[in-house]
Each structure stands twice: as structure tokens, then as C-alpha cells.
Amino acid sequence: MHQQFLFISIFSFLISCTSPTPQEEFAHQLWEFEGKLLISIEDRASVVNIVWKQHDDSSQIFLSGPLNLGQVYILANSDKIIVDAQGNTQDYGLDQALIIEGEKFHIPWKPLSYWVRGLQGSNMATINGAFYQNGWTVEVSDPSIEGPNLITVNRDKISLRLKILKRGKTIK
């Protein structure tokens, strides 16, 4: 009995040493979702369709208005953001304010890629209700096992409300 327990203990230890940690495993995933995004800036608001595809540190985000009018394609990676608004392409540094339709605002791209999955950040802590990070209030209103279905992000004059309608398969 003692030898069997010792064998199971050693085997479990070896498996834990060779298995990727949740952080390492999570960092090398592909994921995507489709949904509706309400963007409110001061007293103006727009609802757009959103398709977000993520591969490691690279985000491809496609925004389109009703009937695919007003399309914006955003590519964000570890060092810059490229915004293509119907052929008008702008490159931005990660810490630079975006200018879309004359509005200037900061979007926390890296943290946002965690928040939309129901995580506070690279520490992999889950969002339970609401929390505050780097000047942003983040609230999950409709959590699910796959991640939040409804998330609201607020700061100053900006409010983003994301309703996730469809999730793609997460691939390792």
C-alpha cells in the first residue's frame, strides 16, 4: 500500500512538472467571438457588429455598422495598432490615443483581450462582478463557463458594452 501511494505521488509530481501551467497554456491559444458592441462617448452612442480573432498577442478586430456600413478593421499586436477605416489607414503606438471619426480616446488593448475572456489580466484571476484596473471599471453582468456574455468597460467619457453572441472554438 505504501509503495502504491509513493508511486502515485511521484507520478503526479512528474506530470505536474511537465504539464504547461494554465498561463503558458492560455497564452498560446487561438480564440474568437462575434457580438454587438455599444460604444458611448459623452452623449453619442453607436452599436456595431464586432468580430474579434486572437492569436497569442495579435488581435484582429472587425467592426461594422448596420448592413455592414462603416467598416473598421483593427490589427493590434505587441508594439502597434493599425486602424483601417474604409481605406483610411492609421498606425498608432500602443500608448497613443486612437482617433476614430474625429474622437480621440485610449483603448487598453492588451487588458481588453483578457477582460473579454472574463480574466483580470495575465495573472489569470477571473472577474467576479466588477473591478477597477488602470483607470477602467470592468463589469461582467452575464458570466458563463466559456467566459462573459455581457461585459461593460467604463472610463471618463467612454463606455463600451459588449454582448458576445457566438464564440469560436479555443484552439491550443
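Residues numbered from 1 in each chain as written. Predicted model: local features only at pLDDT ≥ 70, side-chain atom pairs only at ≥ 80, totals over all residues. Heavy atoms only, no water.

*Asks:* Mind showing me how you'd approach the sheet that holds strand β6 (residues 88-93) here?
*Replies:* Strand order in the open sheet made by the ten strands is β6-β5-β4-β3-β2-β1-β12-β11-β10-β9, with antiparallel pairing throughout. The sheet is open, and its two edges are formed by β6 and β9 (130-133), each paired on a single side. Across the sheet, the mean angle separating the axes of adjacent strands is 20° when strand polarity is ignored. Pairing analysis gives five bridges linking strand β4 (residues 72-76) to strand β5 (residues 80-85), with the strands arranged antiparallel. Counted as the bridge partner of Ile74 is Val83 from β5. (Pairing = 2+ DSSP bridges. Helix = DSSP H or I, 4+ residues; strand = E, 2+ residues; numbered from the N terminus. Axes fitted to C-alpha atoms, helices over the stretch in contact; angles between N-to-C directions.)

*Asks:* It is not clear to me how unusual backbone geometry should be interpreted in this structure. Could you clarify?
*Replies:* Apart from glycine, the bulk of residues carry a negative phi angle, and the bulk of peptide bonds sit in the trans form. Despite not being glycine, Glu42 has its phi angle at roughly 55°, a positive value. With respect to the helices and strands, the residue Glu42 is situated in the loop between β1 (30-41) and β2 (44-55). For Glu42, a relative accessible area of 56% translates into the label exposed. You will see that Asn134, though not glycine, has its phi angle at about 50°, which is positive. Following the sequence through the fold, Asn134 ends up in the loop between β9 and β10 (136-140). (Buried < 20%, exposed > 50% of the residue type's maximum accessible area, 1.4 Å probe, protein only.)

*Asks:* Would you explain the pairing of β9 in this entry?
*Replies:* Look at any regular strand and the pattern is simple: side chains alternate between the two faces of the sheet. The pairing of β9 with β10 spans four bridges and is antiparallel. Directly across from Gln133, in β10, lies its bridge partner Trp136. Count of turn residues in the β9/β10 antiparallel hairpin: two residues, of which Asn134 carries a positive phi of about 50°.

*Asks:* Even after reading the chapter, I still don't get the pattern of salt bridges, so can you show me in this structure?
*Replies:* Two side chains carrying opposite charge are able to pair once their charged atoms lie near each other. Overall, the coordinates contain four salt bridges when judged by the stated rule. With its nearest N and O atoms 3.4 Å apart, the salt bridge here joins Lys157 to Glu42. Pair noted here: Lys157 is in the loop between β11 (150-155) and β12 (158-167) and Glu42 is in the loop between β1 and β2, with a separation of 115 residues, a long-range link. Judged by relative accessible area, which is 52%, Lys157 ranks as exposed. One salt bridge in this structure joins Lys80 and Asp91, with 3.8 Å as the shortest N-O distance. Of this pair, Lys80 sits in strand β5 while Asp91 is found in strand β6, placing the two residues eleven residues apart along the sequence. Accessibility expressed as a relative area gives 47% for Asp91, which makes it partly exposed. (Salt bridge = Lys/Arg side-chain N within 4 Å of Asp/Glu carboxyl O.)

*Asks:* Hey, could you run me through the side chain of Ser64 in this one?
*Replies:* In this fold, Ser64 is placed in strand β3 (residues 58-64). Judged by its relative accessible area of 3%, Ser64 is buried. Excluding residues that lie within four positions of it along the chain, Ser64 makes contacts with Val48, Asn49, Leu69, Gly70 and Gln71. (Contact = heavy atoms within 4.5 Å.)

*Asks:* Would you explain the environment of Ser159 in this entry?
*Replies:* Locating Ser159 in the fold gives a position in strand β12. For the pair formed by Ser159 and Thr137, sequence separation is 22 residues and the distance between their alpha carbons is 9.5 Å. Side chain to side chain, Ser159 and Asn154 meet in a polar contact 2.7 Å long. (Polar contact = N/O pair within 3.5 Å; in protein donor to acceptor, adjacent residues only side chain to side chain.)

*Asks:* How should I be thinking about the packing of aromatic side chains in this particular structure?
*Replies:* To describe a pair of aromatic rings, you give the distance between the ring centres and the angle between the ring planes. Scanning the entire structure with this criterion turns up four aromatic pairs. With a centroid separation of 6.1 Å and an interplanar angle of 5°, the aromatic rings of Trp31 and Phe33 are classed as stacked. Each ring, one from Phe33 and one from Trp52, has its centre 5.8 Å from the other, and the planes form 35°; the classification is tilted. Taken together, the positions of Phe33 in strand β1 and Trp52 in strand β2 put the pair 19 residues apart, joining distant regions of the chain. In terms of burial, Phe33 and Trp52 fall into one category: buried. Every member of this aromatic cluster is reached through a ring pair, and the members are Trp31, Phe33 and Trp52. (Phe/Tyr/Trp six-rings, centres within 6.5 Å; stacked < 30°, edge-to-face > 60°.)

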